[in-house]
Amino acid sequence: MTILVTGGAGYIGSHTCVELLENGYDVVVADNLCNSKREALERVKRITGQNLCFYETDVRDEAKMDEIFQKHNVECVIHFAGLKAVGESVAKPLAYYDNNLNTTLTLCRVMQKHGVKRFVFSSSATVYSAGNPMPLTESSSTGGCSNPYGWTKYMCEQILRDAAAAASAATASEGWSVLLLRYFNPIGAHESGLIGEDPLGIPNNLLPYIAQTAVGRRDKLPVYGNDYNTPDGTGVRDYLHVVDLAKGHVAAVKRAVQSPCVEAINLGTGEGVSVLQMIEAFKRVSGAAIPYEIKDRRPGDLAVCWAEPSKAVQWLGWRAQKTLDDMCADTWRWQKQNPNGYPL
Ligand code: NAD
Ligand code: WQD
């Protein structure tokens, strides 16, 4: 079975390509490399000993996507391609709405044209409204997003629900399967140390910043606030291993093939970890020093955010397996072996 993976050269996409290939799927990647390097896909091939088909293209290029669907018998799309930096989305909202909405719309049109009915979407815990009690369930309230990035995910979920409803109303044959996977905080790297997260410039997210500090690329980790209403005052998140997350996508493809459904599903561990707990775990596992400095709270940050993960068990037969130590050890192996990320 052939799976189209948009954004397959990126952090989560490359790990998912590995799991798909190892599960016997044929993989076609469409990525414009705006936030990734071709080398990631070379390494996917090295890890798996298998080939994949790569198209360097913008997913908004409808003629090119049409050509890909003509050439390959795509049976399911996993849509990772998108812009994801929260701060940048506040500064460049139009670029975010254009990229994230128009990639999704283009895919829906081309899928409709070619009769492809299975769509696995990279959504995010960021679609949940602030003020929900923890843990977040799939029926916690959504919307009221604090930045354009979050709104793009919220809007894409709605676009996909509406497209699926219209497709099932219009046809007597099988309806669409749409799985809206709401990721919590993916971290870690493949255990080979060959692929991992390779952010451009100063990292926005906690783990790449910790890893770059541990390896000596950054002087000090800023800890954004220690006066939250949490056990040690620092922010609490639900971090999950990117390989677990990648396996969640394989489970979603299998579910999409079984029978039509439209479901939002949390992918998280259900465990909250604070910034200081993460620093301690990383220090212990790596043996490296991680100097840090308490700074003001980062605007827009929540104190706490973690998932109620049981719907994924029920719908996908998936649960996160890897521990916090695995996440730190694998991040560290990737960072040590590739201190400056992928070569150009
Ligand atoms: P990433 O930036 O590493 O990967 C995204 C990939 O999409 C990159 O390879 C980029 O080159 C490509 N891309 C972007 N716009 C494109 C376009 N118009 N056409 C073709 N390719 C394009 O990000 P990631 O962390 O792997 O995230 C993957 C998806 O998961 C994104 O949609 C992101 O919003 C979502 N997500 C990520 C996180 C996270 O913390 N990493 C959390 C929740 C959701
Ligand atoms: C985690 C914790 C920070 C960096 C963001 C997006 C979200 C999602 C994942 C895609 C917080 C603290 C961080 C640093 C720190 N992406 N921190 N020093 O904010 O939960 O989520 O990325 O959908 O949409 O908002 O993740 O890794 O940025 O922060 O103290 O240098 O670490 O304050 O408590 P976050 P994060």
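See the structure printed just above.
Conventions we followed
- Residues numbered from 1 in each chain as written.
- Chains lettered and ligands numbered in written order.
- Predicted model: local features only at pLDDT ≥ 70, side-chain atom pairs only at ≥ 80, totals over all residues.
- Heavy atoms only, no water.
- Pairing = 2+ DSSP bridges.
- Helix = DSSP H or I, 4+ residues; strand = E, 2+ residues; numbered from the N terminus.
- Axes fitted to C-alpha atoms, helices over the stretch in contact; angles between N-to-C directions.
- Contact = heavy atoms within 4.5 Å.
- Phe/Tyr/Trp six-rings, centres within 6.5 Å; stacked < 30°, edge-to-face > 60°.
- Buried < 20%, exposed > 50% of the residue type's maximum accessible area, 1.4 Å probe, protein only.
- Polar contact = N/O pair within 3.5 Å; in protein donor to acceptor, adjacent residues only side chain to side chain.
- Near = heavy atom within 4 Å.
- Areas by Shrake-Rupley, 256 points an atom, 1.4 Å probe, with all protein chains shown as cover.
- Nonpolar A, V, L, I, M, F, W, Y, C, P; charged D, E, K, R; others polar.

A.B. asks: Requested: an account of the sheet that holds strand β2 (residues 26-31), with residues and values cited.
C.D. replies: Across the sheet, which stays open at both edges, the seven strands sit in the order β3-β2-β1-β4-β5-β6-β11 with parallel pairing between neighbours. The open sheet has two free edges, formed respectively by β3 (53-56) and β11 (261-267), since each of these has just one partner strand. Averaged over neighbouring strand pairs, the angle between their axes works out to 15 degrees when direction is ignored. Strand contacts of helix α1 (residues 11-22): β1 (2-6), β2, β4 (74-79) and β6 (177-183), with the helix running at about 165 degrees to β2, the strand carrying the most contacts.

A.B. asks: Mind laying out the packing of aromatic side chains, listing which residues take part and the relevant values?
C.D. replies: Within this structure, the stated rule accounts for four aromatic pairs. A centroid spacing of 6.4 Å and a plane angle of 50 degrees characterise the contact between F119 and F121, whose relative ring orientation is tilted. Since its relative accessible area comes to 0%, F119 is described here as buried. Judged by relative accessible area, F121 falls into the buried class, the value being 2%.

A.B. asks: Give a description of the environment of N32 that names residues and reports values.
C.D. replies: Secondary-structure assignment places N32 in the loop between β2 and α2 (38-48). With 28 residues separating them along the chain, N32 and R60 place their C-alpha atoms 10.0 Å apart. Those residues in contact with N32 that sit more than four places away from it in its chain are E56, T57 and D58. Within the structure, the side chain of N32 is placed 3.1 Å from the backbone nitrogen of C34, a separation counted as a polar contact. Side-chain polar atoms of N32 contact the side chain of D58, separated by 3.3 Å.

A.B. asks: Report on the site of ligand 2, specifying residues and quantitative values.
C.D. replies: Contacts to ligand 2 come from 19 residues, most closely from S124, Y149, P222, R237 and D301. Contact distances for ligand 2 include 2.7 Å between an oxygen atom and a side-chain N or O atom of S124. Taking N205, its side chain carries an N or O atom lying 3.0 Å from an oxygen atom of ligand 2. About the coverage of ligand 2: the protein hides 86% of its 690 Å² of free accessible area. Every element with two or more residues in the shell around ligand 2 is listed here: α7 (206-214) and β8 (221-224). With four residues, the single largest contributor to the shell around ligand 2 is β8. Residue composition of the shell around ligand 2, grouped by class: ten nonpolar, six polar and three charged.

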